[in-house]
Amino acid sequence: MDRNPSPPPRSRDGDEEEEAAGGDCIGSTVYSKHWLFGVLSGLIQIVSPENSKSSSDDEEQQMELDEEMENEICRVWDMSMDEEICVGILGNMACFQEICVSISSDKNLGQVLLYCLCDSDPPTLLETSRLLLTCLSQTEVAIVWVERIREHPAIYDSICFIMSSSTNVDLLVKVGEVVDKLFDLDEKLMLEWIRNGAVQPLDQPQEDSEQQPVFRIVPCVLEAAKQVRSENPEGLDVYMHILQLLTTVDDGIQAIVQCPDTGKDTWNLLFDLVCHEFCQSDDPPIILQEQKTVLASVFSVLSAIYASQAEQEYLKIGKVDLPLIDSLIRVLQNMKHCQKKPENSAESNTEETKKSDLTQDDFHLKILKDVSCEFLSNIFQVLTKETVAQGLKEGQLSKQKCSCAFENLLPLYNPVVEDFLKILREVDKTLAGNLEESFPSLKVQT
């Protein structure tokens, strides 16, 4: 089986007071952000150079301020013993490269932080994931953390447990970003996690099996994707990219399709996204700009499943082909609008940042086009006369849509288009002739 290509590297006064009070808390603690910022600001003013010399008249007042400040600092010290806040502080510090390298080089601290990833407190897990993602994003230390995680099998179970059971969307998104980064950095680790839990030990007693569930990566990713789907589009994008990364290796594709339930759940979720949520007929074409990366991942995974030759009911020919053709062609039609450059755009051409953004958008649109065309060609290859007739009747294979498909499939998928035309001649000779007139190269070769 060919591996899928790697993807490219989100009111009343009382109610208002209550909301304000809740919004002032640090994480899930009772500590006030306003109070903490006030203490830190006061401390900065005291230690600043202009305040280092105080007049004799102010000495008594300064002493009182120092005593008060000392008490406040003691409270800050007590507050810093909170696990969530400690990790959060380290996460903020790790944003600076030098400090990130220092934190990462401390083996004992690294062990403690990984243990925090096995905590049961959501805020602590969120801050730990944020810190870990920051470190994994630094090329100088990323491999250090990958190796540490590989040496701690419990991390796999902890992350899978979070993805499969948490309802905290923020935590799920951050954990997803960590997994996505890990898989993107190290294929060997991804393979280990794919194989983890694939087979439950035969000598494990049934009661132990119930107490210690065997986590499999694909169902856990799917559960998290379902949880973030409606609340965080960027989080859904992350989990779709994880699935796409899994399909870049044969073991990953097998992990999806070998278990009928997992394959069906994966297919149904992604099929529902492209047919009923993304790039719908009543959406403006420009919506494709927002959905291009997630659509590329979704189509890539669906294409991998479709080409896996899995003999499953959800892949029966004629049952899914026409809705997918409709979605793929609509994406290709909308792509033409997104790729049009505005006229008289002298202002945008003078700004390097805007030019860079346009280049990046074009890059992602090209990836989406390539994935869509490959998937569409796979479907065209298995179309039957009956399915084509149904498509003509229901409108998925109108002249306009067939022309759009041909424009994008030719010349790379020329044999596929020729075979489709042969079937089309048997169903609608007039339409086939019109398409041949529009694409002379096909008329000459057929």
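From a predicted model like this one, the values you see are computed outputs, not experimental measurements.

S.K.: Mind showing me how you'd approach the overall build of the chain here?
M.R.: For the chain, the count of helices and strands is 25 helices and zero strands. By residue count, 45% of the 446 residues in the chain fall in the buried class. Carbon and sulfur atoms form 51% of the exposed surface of the chain, whose accessible area is close to 24100 Å².

S.K.: Sorry if this is basic, but what is going on with the side chain of Thr 124 here?
M.R.: In this structure, Thr 124 sits in helix α7 (residues 122–136). Looking at Thr 124, its side chain comes within polar contact range of the side chain of Asp 121, at 2.7 Å.

S.K.: Hey, could you run me through the packing of helix α15 (residues 250–257) against helix α16 (residues 260–276) in this one?
M.R.: For any two helices packed against each other, the geometry comes down to the angle between their axes and how far apart the axes lie. Relative to each other, α15 and α16 sit at 95°, their axes nearing to 5 Å. Regarding the angle of α15 to α16, the classification is roughly perpendicular. Counted together, Ala 255, Ile 256 and Val 257 of α15 and Pro 260, Thr 262, Gly 263 and Thr 266 of α16 form the full contact between these two elements. The residue makeup of the contact of α15 with α16, split by class, is four nonpolar, three polar and no charged.

S.K.: What exactly am I supposed to notice about the nonpolar core here?
M.R.: Note on soluble globular proteins: their nonpolar side chains tend to be buried together. Counting residues in each nonpolar core, the largest one holds 121 residues, and the members touching the most others are Met 163 and Phe 406. Ranked by residue count, the leading element in this core is helix α17 (residues 287–306), at 11 residues. Residue contacts for Phe 406: discarding those within four places in its chain leaves Phe 380, Val 417, Phe 420, Leu 421, Leu 435, Phe 439 and Leu 442.

S.K.: Even after reading the chapter, I still don't get the environment of Leu 322, so can you show me in this structure?
M.R.: Assignment of secondary structure puts Leu 322 in helix α18 (residues 321–339). Since its relative accessible area comes to 2%, Leu 322 is described here as buried. Through-space distance from the C-alpha of Leu 322 to that of Gln 390 is 8.5 Å; in sequence the pair is 68 residues apart. When residues no more than four places from it in sequence are discounted, the contact partners of Leu 322 are Thr 387, Gln 390, Gly 391, Glu 394, Gln 396 and Leu 397.

S.K.: Explain the confidence of the model for the chain here, please?
M.R.: Detailed reading of the predicted coordinates is not advisable wherever pLDDT falls low. With 73% of its residues at a pLDDT of 70 or more, the chain has an overall mean of 82. Confidence drops under pLDDT 50 across residues 10–22; counting only partners more than four residues distant or on other chains, this segment forms seven contacts. Predicted confidence is poor over residues 59–63, with pLDDT under 50, and the contacts of this stretch with residues over four places away or in other chains come to one contact.

S.K.: What should I look at first to understand the pattern of salt bridges in this one?
M.R.: Where charged atoms of side chains with opposite charge meet at close range, the side chains can pair. Evaluation of the coordinates by the stated rule reveals 15 salt bridges. Salt bridges sharing common partners tie together Glu 147, Arg 150, Asp 186 and Glu 192.

S.K.: Explanation requested: α16 in the structure shown.
M.R.: Turn by turn, an α-helix covers 3.6 residues, leaving residues three or four places apart pointing in a common direction. Here α16 contains 17 residues, and its C-alpha end-to-end distance of 23 Å stays within 8% of the 24 Å for a straight helix at 1.5 Å per residue. Listed as buried for α16 are Thr 262, Gly 263, Thr 266, Trp 267, Leu 269, Leu 270, Phe 271, Leu 273, Val 274 and Cys 275. The inward-facing, buried residues of α16 abut α13 (217–228), α14 (233–246), α15, α17 and α18.

S.K.: Could you clarify how one ought to interpret unusual backbone geometry in this entry?
M.R.: Most peptide bonds adopt trans geometry, and most residues besides glycine take a negative phi value. Along the chain, Leu 410 connects to Pro 411 via a cis peptide bond; the corresponding omega equals 0°. Relative to the assigned elements, Pro 411 resides in the loop between α22 (399–409) and α23 (414–427). Phi at Cys 279 takes a positive value of approximately 45°, unusual for a residue other than glycine. Here Cys 279 shows up in the loop between α16 and α17.

S.K.: I'm lost on the environment of Leu 397 in this one. Help?
M.R.: With respect to the secondary-structure elements, Leu 397 resides in the loop between α21 (385–394) and α22. Take Leu 397: its relative accessible area is 0%, and that puts it in the buried class. Residues Leu 397 and Leu 424, spaced 27 residues apart in sequence, show a C-alpha to C-alpha distance of 9.9 Å. In this structure, Leu 397 is in contact with Leu 322, Ile 325, Val 388, Gly 391, Leu 392, Cys 402, Phe 420 and Leu 431, ignoring residues within four places of it in sequence.

S.K.: In this structure, what is going on with the packing of aromatic side chains? I would like to understand it.
M.R.: Two aromatic rings are characterised by how far apart their centres lie and by the angle between their planes. Enumeration over the complete set of coordinates arrives at 10 aromatic pairs. Arranged with centres 5.8 Å apart and planes meeting at 80°, the rings of Phe 183 and Trp 193 form a pair that is edge-to-face. One end of the pair, Phe 183, is in helix α10 (residues 169–185); the other, Trp 193, is in helix α11 (residues 187–195), and 10 residues separate them in sequence. Comparing Phe 183 with Trp 193 shows no difference in burial state: the two are buried. On the basis of an interplanar angle of 20° and a centroid distance of 4.6 Å, the ring pair of Phe 380 and Phe 420 is categorised as stacked. Taken as a pair, Phe 380 in helix α20 (residues 352–381) and Phe 420 in helix α23 lie far apart in primary sequence, 40 residues in all. The class of Phe 380 is buried, set by a relative accessible area of 3%. Three or more aromatic residues joined by ring pairs make a cluster, and in this case those are Trp 267, Phe 271, Phe 299, Tyr 306 and Phe 375.

What counts and what doesn't
- Residues numbered from 1 in each chain as written.
- Predicted model: local features only at pLDDT ≥ 70, side-chain atom pairs only at ≥ 80, totals over all residues.
- Heavy atoms only, no water.
- Helix = DSSP H or I, 4+ residues; strand = E, 2+ residues; numbered from the N terminus.
- Buried < 20%, exposed > 50% of the residue type's maximum accessible area, 1.4 Å probe, protein only.
- Areas by Shrake-Rupley, 256 points an atom, 1.4 Å probe, with all protein chains shown as cover.
- Polar contact = N/O pair within 3.5 Å; in protein donor to acceptor, adjacent residues only side chain to side chain.
- Axes fitted to C-alpha atoms, helices over the stretch in contact; angles between N-to-C directions.
- Parallel < 35°, antiparallel > 145°, perpendicular 65-115°, else oblique.
- Contact = heavy atoms within 4.5 Å.
- Nonpolar A, V, L, I, M, F, W, Y, C, P; charged D, E, K, R; others polar.
- Core = buried A, V, L, I, M, F, W, Y, C linked by side-chain atoms within 4.5 Å.
- pLDDT = per-residue confidence, 0-100.
- Salt bridge = Lys/Arg side-chain N within 4 Å of Asp/Glu carboxyl O.
- Expected span 1.5 Å × (residues − 1).
- Phe/Tyr/Trp six-rings, centres within 6.5 Å; stacked < 30°, edge-to-face > 60°.

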